[in-house]
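# Survey of secondary and tertiary structure
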Amino acid sequence: MKPREQFMDDAHGLFGDAADGDEKRGPLRFRTIWISDIHLGTTGCQAERLLEFLRATESDTLYLVGDIIDGWQLKRRWYWEQSHNNVVQTVLKKAKKGTNVIFVPGNHDEVIRQFIDLDFGGIKIRDELVHVTADGRRMLVLHGDRFDGVIACAKWLAYVGDSLYTMILKFNQWFNSWRARAGLPYWSLSQYLKSKVKNAVNYISSFEDALADEARKKGLDGVICGHIHKPEIRDIGGVTYCNDGDWVESLSALVEEPSGELRLVSWQEIMQLKKAGKTKAAAKDKDLVLA
């Protein structure tokens, strides 16, 4: 990853050409963007922030790496905000305007898997595929749920775990609303539990190793997945393992620079870059007026 300072200094290179007024500046540009685990249809989905991210970025290819719509939760209780519609419409608009949008279904939107290898509204639906980066690396792209032992061997337990996770998120919303009023930053109970509970740590490690091993067996350079809501880029025995995180808590995405460099970005980082770009544009306009 680039040092944050260097990344901020290079921000102007990620923007489109300036237009009159700050609000008309173009989006940040990447070769490829991967997002997953949005969980549209749940109260935990951060749809408004995802919309800000989608409107602030542009890419040649956009991968939707599973669990975009949470069919499990929608079966239990219907929940669908206008912001969830807006996310779908924004992605469709990107596809219409020429972005190569590829949807790789996950376990929560597994009903979409019956349409594998079909295209709808300019969106390609694929089970898994190989992405070739600008620097020539071949990366396996898949959601990753079939390498989850709980999903594969005891799906009923996965449903129980999903219900518990939903309860934790509801507590998080209440707890963090109080922290916000107290001027404190966001704190994630689920991320804390994952980092502290030994079995959870072992589960994540086993999942990551299994994905890296799959890429190795296929003779590929790396793997890009979602599923476990833990953004990560690391080397596992010579294989590059990448997880793009989620849009429930991490609010993260994996991006590819024009050079082929892969790195993680967060909603907060993108918003700061967008703001920094607007500030530079305003300063430039001011200099022109003074001149």
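Residues numbered from 1 in each chain as written. Predicted model: local features only at pLDDT ≥ 70, side-chain atom pairs only at ≥ 80, totals over all residues. Heavy atoms only, no water.

This brings us to helix 4 (residues 82-96). End to end, helix 4 covers 21 Å across 15 residues, agreeing with the expected 21 Å (1.5 Å per residue, within 8%). Those residues of helix 4 that fall on the buried side of the exposure criterion are Ser 83, His 84, Val 87, Thr 90, Val 91, Lys 94 and Ala 95. Angularly, the buried residues of helix 4 cover 140° about the axis, an arc narrow enough to put them on a single face. Where helix 4 is buried, its residues meet helix 2 (47-56), strand 2 (57-64), strand 3 (100-103) and strand 5 (123-125). Once helix 4 finishes, Gly 98 follows within two positions and takes phi at roughly 115°, a positive value. (Helix = DSSP H or I, 4+ residues; strand = E, 2+ residues; numbered from the N terminus. Expected span 1.5 Å × (residues − 1). Buried < 20%, exposed > 50% of the residue type's maximum accessible area, 1.4 Å probe, protein only. Arc of directions from axis to C-beta. Contact = heavy atoms within 4.5 Å.)

Moving on, we come to the sheet that holds strand 7 (residues 138-141). The strand order across the open sheet built from 5 strands is 6-7-8-10-9, with neighbouring strands paired in mixed fashion. One side of each edge strand has no neighbouring strand; the edge strands of this open sheet are strand 6 (129-132) and strand 9 (232-236). Neighbouring strand axes in the sheet, compared pairwise and without regard to direction, differ in orientation by 25° on average. Of the strand pairs in this sheet, strand 8 (residues 222-225) and strand 10 (residues 239-243) are connected by 4 bridges, and their pairing is parallel. Bridge pairing in strand 10 links Cys 225 to Asn 243. (Pairing = 2+ DSSP bridges. Axes fitted to C-alpha atoms, helices over the stretch in contact; angles between N-to-C directions.)

Another aspect to go through is the pattern of salt bridges. All chains considered together, the criterion is met by 14 salt bridges. Residue Glu 208 pairs with Arg 234 through a salt bridge whose shortest N-O separation is 2.7 Å. Placement of the pair is Glu 208 in helix 8 (residues 198-217) and Arg 234 in strand 9, with a sequence separation of 26 residues. We classify Glu 208 as buried; its relative accessible area is 3%. Relative accessible area serves as the criterion here: at 30%, Arg 234 is assigned to the partly exposed category. A salt bridge links Asp 213 to Arg 216; its shortest N-O distance comes to 3.3 Å. Pair noted here: Asp 213 and Arg 216 are both in helix 8, with a separation of 3 residues, about one helical turn. Residue classification places Arg 216 among the partly exposed residues on the basis of a relative accessible area of 37%. A single salt-bridge network, built from bridges that share partners, covers Glu 128, Arg 146, Glu 214 and Lys 218. (Salt bridge = Lys/Arg side-chain N within 4 Å of Asp/Glu carboxyl O.)

To continue, consider the confidence of the model for the protein chain. Here the protein chain shows a mean pLDDT of 81. Residues at 70 or above account for 70%. In the model, residues 150-161 has pLDDT below 50 throughout and makes 16 contacts with residues more than four positions away in sequence or in other chains. (pLDDT = per-residue confidence, 0-100.)

In space, the 7 strands of this open sheet follow the order 4-5-3-2-1-11-12, with mixed pairing throughout. Only two strands of the sheet have a single partner each, and these edge strands are strand 4 (119-120) and strand 12 (262-266). By the bridge criterion, 7 bridges tie strand 1 (residues 28-35) to strand 2 in an arrangement that is parallel. When the sheet's bridge partners are listed, Thr 32 is paired in strand 2 with Thr 61. Strands in contact with helix 2 are strand 1, strand 2, strand 11 (252-256) and strand 12; relative to strand 1, the strand with the most contacts, it is inclined by about 140°.

Counting 31 residues, the largest nonpolar core has Ile 35 and Phe 53 as its most contacted members. Mapped by element, the contributors of at least two residues to this core are strand 1, helix 2, strand 2, helix 4, strand 3, strand 5, strand 11 and helix 9 (267-290). At 6 residues, the largest contribution of residues to this core is made by helix 2. Apart from residues no more than four positions distant in its own chain, Phe 53 is found in contact with Ile 33, Ile 35, Trp 247, Ala 253, Val 265, Trp 267, Ile 270 and Met 271. (Core = buried A, V, L, I, M, F, W, Y, C linked by side-chain atoms within 4.5 Å.)

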